[in-house]
Amino acid sequence: MNLLTSNPDLQSLSIAQDSPGLSDQFYHTLGDKCHNLTELCLYSVVLNDTRLDIIGNTCKLLQGVRFADDWGGAPNAISRFTTDGIVRLAKSCKHLETVIFSSKCLTPTSLIPFVRYCRHLKKLSSETPGVLSPMLVDALVEADTHLLELGGIWKAERSQSYANWGRAFASLQKLFLPFSGSLPSGSALAHVAHSFGALETLVLQVDTLPLDLLWALARGTRNLKLLLLNSSHLCNCRVELAAVIRSNPSLENLYLRGQLSISDCAVFALSTCKNLSQFSASITNIVSGIELSDASVIELAEQCPNLTDLDGVQCASLTDASVYALARCCPKLRMLTLDKCFLVTEAALSEIMLRCTSLIKLHVCARTISADAVRRLHSIQKRFSEEECFILRVE
């Protein structure tokens, strides 16, 4: 309370974990003393319609609101606000640009009437399952919003109306979509991927990644800088992934997770991304998931001198040639993981540790590294702590 009374010009306020002091009077004081507040973040704080009304009636300049039932290790708050409560908030706070709601109070239709009053909305996110739906997309178009960022747990389903989807996504620069359930082939998202021309960040996590969606992304995206794909079930997408990469030469960060299958064609495509900084492939299905050769890794090293992180290279066929290429061509390398690359030797590792002076983390699993070699390598880079440098011997 003292914080509010002594800082009348406060523009941003974050509160994590509810306490007895956060009574209705606190919210009255918030409105009375902080007329210039533009951003309010409440985590693990009990909210109800009364408190939302106080916020809406007094903090007219709010541009960003973040409400979440849980925060870190704090116990989950049990909010009791209704759809009518957040609608009244939207009507009162006419300048809302950022809205992040994650609460059990939300129903699959809660945000639909809410966004109709958010004419200036730029960022919308909700981790409450089912809240992001085709009906919400229609409401966003009705409100004539020009979203730049959309995220949350999407409800995977088919939709027969694609026109509004294209209009809603046309201005998007960032799209975060962890889907609840499998995304069916022929989904609405695949049909509107042609509207993703402005997209720079795409995070897509599904049970099974449809290949037609990847082909649609290859046709519709041109400016991706960050791409994260995660498929829980095995997805043989070698050619499709390469097509997406080739369509986005500005790609700087590529993260592959789950059971995606990648091969040389994807890595050769990645070598055309001259500004590539991070490539991480945490593939769980190692047997059929990663099929790389020295040729593709060498090409990647030679064409991407700005590479700083290479993580998850897990292929038994890679040799010292790949490591020498990285040492020679990627002086900015900071993190390198060579797991199950059993043909890599001490000589190549010594070379990369000597040449890549920015290296701070090296994870290696190689049969050819002896205990004595490990000690010698540690002596080369004494600035590595035991937690930062793991050079493991595999019997």
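Residues numbered from 1 in each chain as written. Predicted model: local features only at pLDDT ≥ 70, side-chain atom pairs only at ≥ 80, totals over all residues. Heavy atoms only, no water.

Considering the arrangement of structural elements, one finds Ser 263 in strand β11 (residues 253-263). The residues contacting Ser 263, other than those within four sequence positions of it, are Arg 238, Glu 291 and Leu 292. (Helix = DSSP H or I, 4+ residues; strand = E, 2+ residues; numbered from the N terminus. Contact = heavy atoms within 4.5 Å.)

For the rest of this paragraph, the subject is the packing of aromatic side chains. Counted according to the given criterion, the structure contains 4 aromatic pairs. Judged by centre distance (6.4 Å) and plane angle (45°), the ring pair of Phe 81 and Phe 101 falls under tilted. You can see Phe 81 sitting in the loop between β3 (64-68) and α4 (83-92) and its partner Phe 101 sitting in strand β4 (residues 98-102), a full 20 residues away along the chain. An aromatic cluster is present here, built from Phe 67, Phe 81, Phe 101 and Phe 114 joined pairwise through their rings. (Phe/Tyr/Trp six-rings, centres within 6.5 Å; stacked < 30°, edge-to-face > 60°.)

What follows concerns the pattern of salt bridges. For the structure on display, the rule yields 8 salt bridges. For Glu 302, the salt bridge is made with Arg 328, and the minimal N-O distance between the two is 3.5 Å. Residue Glu 302 is located in helix α13 (residues 294-303), and its partner Arg 328 is located in helix α14 (residues 320-329); the two are separated by 26 residues in the primary sequence. Under the relative-accessibility criterion, Arg 328 is labelled partly exposed at 46%. Between Arg 355 and Glu 351 there is a salt bridge; the shortest N-O distance is 2.5 Å. On the criterion of helical spacing, the pair formed by Arg 355 and Glu 351 is a turn pair, its members being 4 residues apart in helix α15 (residues 346-355). Overall, Glu 351 belongs to the partly exposed group, its relative accessible area being 26%. A cluster of three or more residues bridged by salt bridges with shared partners is formed by Asp 49, Asp 53 and Arg 88. (Salt bridge = Lys/Arg side-chain N within 4 Å of Asp/Glu carboxyl O. Buried < 20%, exposed > 50% of the residue type's maximum accessible area, 1.4 Å probe, protein only.)

Across the interface, helix α9 (residues 211-220) lies against helix α10 (residues 238-246) with an axial gap of 8 Å and an inter-helix angle of 20°. Classified by the angle their axes make, α9 and α10 are roughly parallel. Crossing handedness for the pair α9 and α10: left-handed. Together, Leu 211, Leu 214, Trp 215, Leu 217 and Ala 218 of α9 and Val 239, Glu 240, Ala 243 and Val 244 of α10 make up the contact between the two elements. Among the residues making up the contact of α9 with α10, the classes are represented as 8 nonpolar, no polar and 1 charged. (Axes fitted to C-alpha atoms, helices over the stretch in contact; angles between N-to-C directions. Parallel < 35°, antiparallel > 145°, perpendicular 65-115°, else oblique. Left-handed = near helix turned anticlockwise from the far one by under 90°. Nonpolar A, V, L, I, M, F, W, Y, C, P; charged D, E, K, R; others polar.)

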